[in-house]
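One letter stands for each residue in the lines below.
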Amino acid sequence: MKLTGAEIFVESLKREGVKTVFGLPGGVVLKIFDVLYQDKDLDFVLVRHEQAAVHMAEAYARATGKVGVALVTSGPGATNTVTGLVNAHMDSCPIVLFTGQVVSSLIGNDAFQEADIVGISRSVTKHNYLVKDVSELATTIKEAFYLAGTGRPGPVLVDIPKDVTMASMEFAYPDKVYIRGYNPTYEGNKWQIKQAAEAMARAERPVLYVGGGVINSDASEELYGLAELLNIPVTMTLMGLGAFPGTHPLSLGMLGMHGSHATNMAVHHCDLLIAVGARFDDRVTGKISEFVPKAKIIHIDVDPTSIRKNIHVDIPIVGDAKPVLRDLLAQATAIVGGKKREGKTPWLQQIAAWQSERPLAYKPDPKVIKPQFVIDMIYRRTHGEAIITSDVGQHQMWTAQFYKFAKPRTWLNSGGLGTMGYGFPAALGAQRAFPGQLVVCVTGDGSFQMNLQELATAMVYDLPVKVAILNNGYHGMVRQWQQLFYQGHYSASRLEGGPDYVKLAEAYGAVGLRATEPHEVEEVLDEAFASKKLVLMDFQVDPYENCYPMVPAGGAINQMVYEDPPTDATRPAPAAQDAQKESISLA
Ligand SMILES: Cc1ncc(C[n+]2csc(CCOP(=O)(O)OP(=O)(O)O)c2C)c(N)n1
């Protein structure tokens, strides 16, 4: 049967099992939207800004393990997606983004709403395509999904000119894909795995360092088995949180710039670091020449170009985390004769000593809401079972520190790019994937204002996410750096003119709640979590709280700062404090 390009597009998406597409229309994609108008099987979620559509697709992908999909128009529609593409690229998130393009004959002529999105996105996508003829459309879509979801996952862009959507041809969807030169390696080299298993069984002070790759490859069970078998403590990157249960006695939580004292000390002093699906980001390693000075390093990664990119590795293993950890577990089981190592080894005792020396903690205050207290309360009410998204800043680090994620795919976060404005649309994407689930977005007043227009999308599609704004009246993380490293020169970090969030929620038909004192925090959370609607919670938190421990930029990870300098002369000037107090009392 002959189909138009637009019909081929929709039919191909269904063959890929797509249920939901996020996006926003425009002239060159109207033929596709006309087909969607008559279609009952494909959900289309209309956003208010294309950046948000990509974040929703990313979060949908991370929460479900499927490929996320977005569709936008040419020119400004396409360029608005660039931040989302970079974000997905940095966090290895599988999405396919379809952009409309002006008719083929006008490409390169500065036509109305033309942008060379293939050129613009080349360095920030795993691959991209311009479909030149309707005959290529189905194969291109098949390849795009395959590339996005296999190997090291990532974003793939498919640019479709308007005339391609209008032209017709016989429809046939390919069953298989063959892409020359693209053959991801899944199984690790047996000899290297044996070497790694022996090194792990021999090590006296081993640490597993786990990243988002373990979550992408659904390898948590294998990781659990291995950690328990050999009694190895597990630290996770920001992207890896949830890969190993945060409450497990072997969990060390997050490492790096805002990792805890015990975790960073354990990594610094280990004799074997087993990196799985993690990429030795500078926020993790700190000063690279002083990173793990006494350790041998095993690095397991599906992407061969990640290995030895940032750090020397003793045993490299190219492969997908799941089969490699499965084989490692089998080898290690044979080496230890099937007998689990248990009990507090001297190494675990040392770690426990570091933990009690400087536990991850904060000073509660009876009068002022501490941001960490809000996170702690969210954790106590959800027991690590909710899907949590966050934005970027202090609130993000406090969430990573104080919320103990129980399961993979429950923490959706912009790790690599650090994109303010990610958290709220991400929560909406996850809620669309799991309508019955509690989805909480922890955000800052700066970050939330970057994509708050999606409140409308949330209301239209009945996405009852709970947004906890840790409102400190500042770009808090910027203010912290200015206080600690720029002599208190608070340049452009004070956030004036924010809306009244309760009224804002109400303006959209949502529920708005506010807490200004600590005793109100639990009430607000209880009311929000009991509500079936979208709730905005305005927590007016201590504007001057800083996130510790902290490894100053460029420092080694065992050289942490734990508290404000003794003479805190660099706190914001009284005028700024008064302004903040005023805005709290006005609110
Ligand atoms: C799009 C974008 N612009 C700028 C930054 C730089 N930046 C990092 S953290 C931060 C402040 C975040 O403020 P807020 O969202 O209020 O969170 P807080 O640190 O106060 O918790 C800024 C401006 C960024 N990460 N993303």
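Scope of this entry: the structure provided in the associated data block. Owing to the predicted nature of the structure, the values given are computational and were not obtained by experimental measurement. (Residues numbered from 1 in each chain as written. Predicted model: local features only at pLDDT ≥ 70, side-chain atom pairs only at ≥ 80, totals over all residues. Heavy atoms only, no water.)

The subject of this paragraph is the site of the ligand. Not every one of the 17 residues close to the ligand is listed here, only the nearest: Gln-394, Gly-418, Gly-446, Ser-447 and Gly-476. Separating an oxygen atom of the ligand from a side-chain N or O atom of Ser-447 is a distance of 2.7 Å. In this structure, Gly-476 approaches the ligand through a main-chain N or O atom, which is 2.8 Å from an oxygen atom. Bound to the protein, the ligand loses 76% of the 590 Å² it would expose on its own. Those elements that provide at least two residues to the shell around the ligand are helix H17 (394-402), helix H19 (445-448) and helix H21 (476-485). Of the residues that constitute the shell around the ligand, the class distribution is six nonpolar, 10 polar and one charged. (Near = heavy atom within 4 Å. Polar contact = N/O pair within 3.5 Å; in protein donor to acceptor, adjacent residues only side chain to side chain. Areas by Shrake-Rupley, 256 points an atom, 1.4 Å probe, with all protein chains shown as cover. Helix = DSSP H or I, 4+ residues; strand = E, 2+ residues; numbered from the N terminus. Nonpolar A, V, L, I, M, F, W, Y, C, P; charged D, E, K, R; others polar.)

Time to look at unusual backbone geometry. The linkage connecting Tyr-548 with the following residue, Pro-549, adopts the cis geometry, with an omega of -5°. Among the secondary structure elements, Pro-549 is positioned in the loop between strand S20 (535-540) and helix H24 (574-586). One non-glycine residue, Asn-231, lies in positive phi territory at about 60°. With respect to the element layout, Asn-231 can be found in the loop between helix H11 (220-230) and strand S10 (234-236).

Let us now look at the packing of aromatic side chains. For the coordinates displayed, the defined rule picks out 18 aromatic pairs. Between the aromatic rings of Tyr-146 and Tyr-182, the centroid separation amounts to 5.9 Å while the plane-to-plane angle is 85°, which identifies the pairing as edge-to-face. Of this pair, Tyr-146 sits in helix H7 (residues 134-149) while Tyr-182 sits in the loop between strand S8 (168-170) and helix H9 (190-202), and the two are 36 residues apart along the sequence. What makes Tyr-146 partly exposed here is its relative accessible area of 29%. An angle of 35° between the planes, with centres 4.9 Å apart, marks the rings of Phe-405 and Trp-411 as tilted. Overall, the relative accessible area of 3% leaves Phe-405 in the buried class. Three or more aromatic residues joined by ring pairs make a cluster, and in this case those are Tyr-379, Tyr-403, Phe-405 and Trp-411. Cation over ring: Arg-358 sits above Tyr-562, and NZ or CZ is 3.7 Å from the ring centre. Looking at Arg-479, its charged tip hangs above the ring of Tyr-474, at a distance of 5.7 Å from the centre. (Phe/Tyr/Trp six-rings, centres within 6.5 Å; stacked < 30°, edge-to-face > 60°. Buried < 20%, exposed > 50% of the residue type's maximum accessible area, 1.4 Å probe, protein only. Lys NZ or Arg CZ within 6 Å of the ring centre and 35° of its normal.)

Summarising burial for helix H18 (residues 423-433): 10 of the 11 residues are buried, a large majority. Of the positions making up H18, those classed as buried are Gly-423, Phe-424, Pro-425, Ala-426, Ala-427, Leu-428, Gly-429, Ala-430, Gln-431 and Ala-433.

To continue, consider the nonpolar core. One finds Leu-273, Ile-298, Ile-378 and Phe-539 to be the most contacted residues of the largest nonpolar core, which totals 99 residues. In terms of residues, this core owes the most to one element, helix H16 (residues 371-382), which gives six residues. Counting 52 residues, the second largest nonpolar core, distinct from the first, contains Val-72, Ala-458, Tyr-461 and Leu-536. (Core = buried A, V, L, I, M, F, W, Y, C linked by side-chain atoms within 4.5 Å.)

Next up on the list: the pattern of salt bridges. Two side chains bearing opposite charge may form a pair once their charged atoms approach each other closely. Applying the stated criterion across every chain yields a total of 25 salt bridges. Salt-bridge contacts for Asp-39 lead to Lys-14; the nearest nitrogen and oxygen are separated by 2.5 Å. Within this pair, whereas Asp-39 is found in the loop between helix H2 (30-38) and strand S3 (43-46), its partner Lys-14 is found in helix H1 (residues 5-15), the two being separated by 25 residues in sequence. Given a relative accessible area of 14%, Asp-39 falls into the buried group. With a relative accessible area of 25%, Lys-14 lands in the partly exposed category. For the salt bridge of Asp-500 with Arg-514, the shortest nitrogen-to-oxygen distance reads 2.7 Å. Placement of the pair is Asp-500 in the loop between H21 and helix H22 (501-507) and Arg-514 in strand S19 (residues 511-515), with a sequence separation of 14 residues. When its relative accessible area of 23% is taken as the criterion, Arg-514 is described as partly exposed. (Salt bridge = Lys/Arg side-chain N within 4 Å of Asp/Glu carboxyl O.)

Here the focus is the state of the cysteines. What the rule picks out here adds up to zero disulfides. With no disulfide of its own, Cys-93 lies closest to Cys-441 among cysteine sulfurs, the gap being 16 Å. Relative accessible area serves as the criterion here: at 2%, Cys-93 is assigned to the buried category. Taking relative accessible area as the criterion, Cys-441 reaches 0% and is therefore assigned buried. (Disulfide = S-S within 2.5 Å.)

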